[in-house]
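# Chain and residue survey
Chain by chain, the residues run as shown.
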Amino acid sequence: MLLIDIDHFKKFNDQHGHLIGDEVLKYVAKSIKAAIRGKDFVARFGGEEFAVLLPNTPLNGAAVVAESIRQFFAKTYIKSVSQQTPWEL
């Protein structure tokens, strides 16, 4: 199982509003789902936390999945249609 937390999300949500924050959460969930295999499962675990169940994945495989997801979000920027400045996740 992986536990994933969005760093500084409360500050982001307070600064940009809950509607935009909800869209970011949806984007994060879809992106995590795209990074895992068929029998693996992602769920929102808390405010900005996600749990990823990897039932048939050994520990070293789970570490590879976790690092892949981390690298994806480390280089991901999102931009609102109404704003010019991209936000770093």
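In this report, the structure presented in the accompanying data block is examined. (Residues numbered from 1 in each chain as written. Predicted model: local features only at pLDDT ≥ 70, side-chain atom pairs only at ≥ 80, totals over all residues. Heavy atoms only, no water.)

## What about the pattern of salt bridges?
As a reminder, the rule being used: By salt bridge we mean one thing: a side-chain nitrogen of Lys or Arg within 4 Å of a carboxyl oxygen of Asp or Glu. A run of H or I in DSSP counts as a helix once it spans at least four residues, and a run of E counts as a strand once it spans at least two, with each numbered from the N terminus. Note on exposure labels: buried denotes an accessible area under 20% of the residue type's maximum, exposed denotes more than 50%, and partly exposed covers the range between, all computed with a 1.4 Å probe on protein chains only.
Counted by the stated rule, this structure contains four salt bridges. In this structure, Glu23 and Lys26 form a salt bridge, with 3.3 Å as the shortest nitrogen-oxygen distance. Pair noted here: Glu23 and Lys26 are both in helix α2 (residues 18-35), with a separation of three residues, about one helical turn. Classification of Glu23 by relative accessible area gives partly exposed; the value is 47%. Asp40 is paired through a salt bridge with Arg37; the nearest N and O atoms lie 3.7 Å apart. With a relative accessible area of 9%, Asp40 lands in the buried category.

Such coordinate-based values are descriptive only and should not be taken to indicate function.
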